[in-house]
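Reading the structure
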Amino acid sequence: MTGFDGADVLVRVVGAEGVEAEVGRIPRHEASIRRTEDPSELFEVGQEIDAEEIARRDGDPLGFSAKACENPALRSFLVALAPGQVVTGTVAAVRNFGVFVHVDGEPDGLCTGFVRVPDLTWGWIEHPSEAVEPGQRVTAEVIIAETRSGQVTLSLKALQEDPLIRFAERVGRGRGQGQGDGRVFTGVITKIVPFGVFVEVAPGVLGFLHLKELTDEPVDTPEQLVEEGEAIAVKMADLNVERHTLRLARAGD
């Protein structure tokens with residue numbers, strides 16, 4: 001560590017003898033996971049620091065993250081995880097924005113796993129508590145392990161069968177086929193958005209019906225025409241398993 005530049009920490013890379021050392025900086029937000037008023041509370045000139053190299057734009061100084069190496073046990077745990085790897089853990093907390101998970105093998109006192117709401121299940125849910133509960137054991141696939149955030153982003157959905165695949169097989173459509181045959185289904189409206197509604201046409205299978213398919217008359221919102229929980233007759237306009245999309249049209253047209 002060679003000095004300070006405002007809130008940034010200036011460093012010189014320790015390399016092989018005789019090799020010109022490259023200089024770089026640790027931005028304030030990469031200095032520590034701890035909250036401090038000034039980086040001088042953490043480092044002093046001449047101190048040797050372990051840091052992880054981070055991406056930089058052309059012409060910018062070499063950037064480092066010290067917080068990525070601040071907890072060696074945590075770093076070792078995270079770098080051992082690869083995308084697609086299957087892990088197990090215990091649900092620690094359920095929030096409206098996602099689920100925190102104690103991943104097996106993580107350092108004591110930490111909670112490293114997080115599942116975003118869209119990665120909980122293929123089906124539509126109003127709140128994560130409909131999918132899991134605190135204390136529940138879960139198996140998940142690693143999306144990414146971040147040393148700088150100290151977090152593992154997980155997916156429960158990745159290990160579940162995609163209901164759209166089974167639906168496509170049932171209606172005779174192959175993977176990736178982006179077309180519909182006009183088959184009519186009776187579904188239930190699960191969510192209303194300003195430009196249309198989502199309709200569950202089979203367990204866990206949601207299709208989208210655009211506002212223009214609901215009526216030919218000018219309206220401001222679908223709520224003027226339908227409500228959540230209402231049954232509605234629709235037909236399959238476009239089904240694409242690879243994109244995981246099902247576009248619906250108004251039945252009878």
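The subject of this paragraph is the pattern of salt bridges. This structure, assessed with the given rule, holds nine salt bridges. Asp119 is the partner of Arg116 in a salt bridge, and the nearest nitrogen-oxygen pair spans 2.8 Å. By relative accessible area, Asp119 is classed as buried at 11%. Across the pair Glu161 and Arg166 runs a salt bridge whose closest N-O atoms are separated by 2.8 Å. For the pair Glu161 and Arg166, one class covers both residues: exposed.

Inspection of every chain in the model, using the stated rule, returns six aromatic pairs. Measuring from ring centre to ring centre gives 6.0 Å for Phe97 and Phe100, while their planes differ by 85°; the resulting arrangement is edge-to-face. When its relative accessible area of 47% is taken as the criterion, Phe97 is described as partly exposed. Overall, Phe100 belongs to the partly exposed group, its relative accessible area being 24%. Taken together, the ring pairs in this structure connect Phe97, Phe100 and Phe114 into an aromatic cluster. Sitting over the face of the ring of Trp122, Lys157 holds its NZ or CZ atom 4.5 Å from the ring centroid.

Judged by how many residues are buried, strand β10 (residues 151-155) sits mostly within the fold: four of five residues are covered. With three bridges connecting them, strand β8 (residues 113-116) and β10 associate as parallel partners. When the bridges of β10 are listed, Gly113 appears paired with Val152. Bridge count for strand β9 (residues 137-146) against β10 is five bridges, and the pairing is antiparallel. Note that in β10 the partner of Glu141 across the bridge is Ser155. From the end of β9 to the start of β10, which pair antiparallel, there are four residues, and Gly150 there has a positive phi angle of about 70°.

Quick look at the confidence of the model for the protein now. Summary statistics for the protein give a mean pLDDT of 89 and a share of 92% for residues scoring 70 or more. Contacts of residues 174-178 to residues separated by more than four positions or lying in other chains number 11 contacts, the stretch itself having pLDDT below 50.

The next subject is the environment of Arg250. With respect to the helices and strands, Arg250 occurs in strand β15 (residues 245-250). Separated by 196 residues in sequence, Arg250 and Ile54 place their C-alpha atoms 51 Å apart. Sequence-distant contacts of Arg250, defined by excluding residues within four places in its chain, comprise Leu209, Glu213, Leu214, Thr215, Asp216 and Lys235. One polar contact links the side chain of Arg250 to the main-chain carbonyl oxygen of Glu213, over a distance of 3.1 Å. Within polar-contact distance, the side chain of Arg250 engages the side chain of Asp216 at 3.5 Å.

Turning to the side chain of Ser65, a few remarks are in order. Residue placement: Ser65 occurs in strand β5 (residues 62-65). The buried category is assigned to Ser65, whose relative accessible area is 0%. Looking at Ser65, its side chain comes within polar contact range of the side chain of Glu30, at 2.6 Å. A polar contact of 3.3 Å, which involves the side chain of Ser65, links it to the backbone nitrogen of Ala68.

Cut-offs applied
- Residues numbered from 1 in each chain as written.
- Predicted model: local features only at pLDDT ≥ 70, side-chain atom pairs only at ≥ 80, totals over all residues.
- Heavy atoms only, no water.
- Salt bridge = Lys/Arg side-chain N within 4 Å of Asp/Glu carboxyl O.
- Buried < 20%, exposed > 50% of the residue type's maximum accessible area, 1.4 Å probe, protein only.
- Phe/Tyr/Trp six-rings, centres within 6.5 Å; stacked < 30°, edge-to-face > 60°.
- Lys NZ or Arg CZ within 6 Å of the ring centre and 35° of its normal.
- Helix = DSSP H or I, 4+ residues; strand = E, 2+ residues; numbered from the N terminus.
- Pairing = 2+ DSSP bridges.
- pLDDT = per-residue confidence, 0-100.
- Contact = heavy atoms within 4.5 Å.
- Polar contact = N/O pair within 3.5 Å; in protein donor to acceptor, adjacent residues only side chain to side chain.

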